[in-house]
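# Fold and contact review
Residue-level listing of the chains:
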Amino acid sequence: HNKAVTEIIGERLVITIIISLAALAFTWAVALPIGVYSAARKYSAGDYIFTFLGFLGLSTPGFLLALICMYVQYEFFGISTGGLFSETYREASWSIGKFADLLAHIWVPVIVIGIQGTAGLIRVMRGNLLDELARLYVVAARAKGVHPVKVLWKYPVRVAINPLISTIGWQLPMIFSGSVIVAVVMGLPT
């Protein structure tokens, strides 16, 4: 590469951190609403569907999901998802165009890496919220005639989210370790 080692590692470390944080944000953005929905509508068809999809995402290895996404994108959309940049921006210095190209290519690795932790967070959020919805203060609020949406979002969801904050400690190492295999399969410069 004819570059200093620190420069190469620095570039790849930045991209790894960006992908990992985006995958973490994706995981939380998908898992929290689904967990709330599953707890609020316990044993409904939507709860069963989301539970099945979550467990399917949890049981599918990241490299296999990456291969499936790459195949679908190439076969049906004609887009090659190998790498994070198109051919024109691969060796270019950072610019607005290169950043836009990164945003066009980063969503597939983010989804593939983030889908692994989503099912676990859905189950934790659902369980915590079901415990909170059975508490006496929720039953009393319902008996007073408080609107069901307000009863759900006022306290139970806020209390049920608190234990999820500690999951960041085990999710980040999982994301970093899962991103290594996905990076090799997808040809990511991480």
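Structure shown above.
Every value quoted in this text rests on a predicted model; they were computed, and no experiment measured them.

Thresholds applied
Residues numbered from 1 in each chain as written. Predicted model: local features only at pLDDT ≥ 70, side-chain atom pairs only at ≥ 80, totals over all residues. Heavy atoms only, no water. Helix = DSSP H or I, 4+ residues; strand = E, 2+ residues; numbered from the N terminus. Rg over C-alpha atoms; globule rule 2.2 N^0.38 Å. Contact = heavy atoms within 4.5 Å. Areas by Shrake-Rupley, 256 points an atom, 1.4 Å probe, with all protein chains shown as cover. Lys, Arg positive; Asp, Glu negative; His and termini not counted. Charge placed at Lys NZ, Arg CZ, Asp CG, Glu CD. 1 Å grid on protein atoms, 1.4 Å probe; cavity = no way out; pocket = protein on both sides within 12 Å on 5 of 7 lines; lining within 4 Å. Points joined across faces, edges and corners; volume = space filled by probe spheres on them. Nonpolar A, V, L, I, M, F, W, Y, C, P; charged D, E, K, R; others polar. Buried < 20%, exposed > 50% of the residue type's maximum accessible area, 1.4 Å probe, protein only. Salt bridge = Lys/Arg side-chain N within 4 Å of Asp/Glu carboxyl O. Expected span 1.5 Å × (residues − 1). Arc of directions from axis to C-beta.

### Overview of the overall build of the protein
Scanning the protein for helices and strands turns up eight helices and zero strands. Mapped in sequence order, the helices and strands of the protein form the string α-α-α-α-α-α-α-α. Here the protein has a C-alpha radius of gyration of 20 Å; the compact-globule value for 190 residues is 16 Å, and the former is much larger. Once the C-alpha set of the protein is aligned to its principal axes, its extents read approximately 70 × 35 × 30 Å. Nonlocal contacts in the protein, meaning residues at least 24 apart in sequence, comprise 73% of its contacts between residues at least 6 apart. Within the structure as shown, the protein displays about 11,100 Å² of accessible surface, and the carbon and sulfur contribution to it stands at 70%. The centroid of the 14 positive side-chain charges in the protein is displaced by 19 Å from the centroid of its 9 negative side-chain charges.

### Regarding the layout of surface pockets
By volume, the largest pocket amounts to about 430 Å³. Around the largest pocket sit 19 residues that line it, and Lys3, Glu11, Arg90, Glu91 and Pro189 are the ones nearest its centre. No other element matches helix α1 (residues 5-40), which puts five residues into the lining of the largest pocket. Residue composition of the lining of the largest pocket, by class: eight nonpolar, four polar and seven charged. One number sums up the size of the second largest pocket: a volume of about 260 Å³. Leu53, Gly54, Leu56, Gly57 and Ile115 are, among the 14 residues lining the second largest pocket, the residues nearest its centre. Split by residue class, the lining of the second largest pocket holds ten nonpolar, four polar and no charged.

### Some details on the side chain of Asp47
Along the polypeptide, Asp47 turns up in helix α2 (residues 45-59). Classification of Asp47 as buried rests on a relative accessible area of 2%.

### A closer look at the pattern of salt bridges
Overall, the coordinates contain three salt bridges when judged by the stated rule. As a salt-bridge pair, Lys3 and Glu11 come within 3.8 Å of each other at their nearest N and O atoms. Given a relative accessible area of 38%, Lys3 falls into the partly exposed group. In this structure, Arg126 engages Asp47 in a salt bridge whose closest nitrogen and oxygen atoms are separated by 2.9 Å. Placement of Arg126 in helix α4 (residues 96-133) and of Asp47 in helix α2 is noted, with a sequence separation of 79 residues between them. When its relative accessible area of 10% is taken as the criterion, Arg126 is described as buried.

### Here we look at the environment of Tyr43
Within the secondary structure layout, Tyr43 lies in the loop between α1 and α2. As for Tyr43 and Ala31, which are separated by twelve residues in sequence, their C-alpha atoms are 17 Å apart. Among residues more than four places away in sequence, those in contact with Tyr43 are Tyr48 and Arg126.

### Let's talk about α2
An ideal rise of 1.5 Å per residue puts 21 Å on 15 residues; α2 measures up with 21 Å between its terminal C-alpha atoms. Taken residue by residue, α2 has Gly46, Asp47, Thr51, Gly54 and Gly57 as its buried positions. Seen along its axis, α2 keeps its buried residues to an arc of 130°; they face one direction. Residues of α2 that are exposed and angled more than 90 degrees away from the buried face: Ala45, Tyr48, Ile49, Phe52 and Ser59.

### What about the side chain of Glu132?
Considering the arrangement of structural elements, one finds Glu132 in helix α4. Once residues lying within four places of it in the same chain are set aside, the contact partners of Glu132 are Tyr137, Val138, Pro156, Val159 and Ala160.

### Quick notes on the environment of Gly120
Tracing the backbone shows Gly120 in helix α4. Sequence-wise, Gly120 and Gln171 are 51 residues apart; in three dimensions their C-alpha atoms are separated by 9.8 Å.

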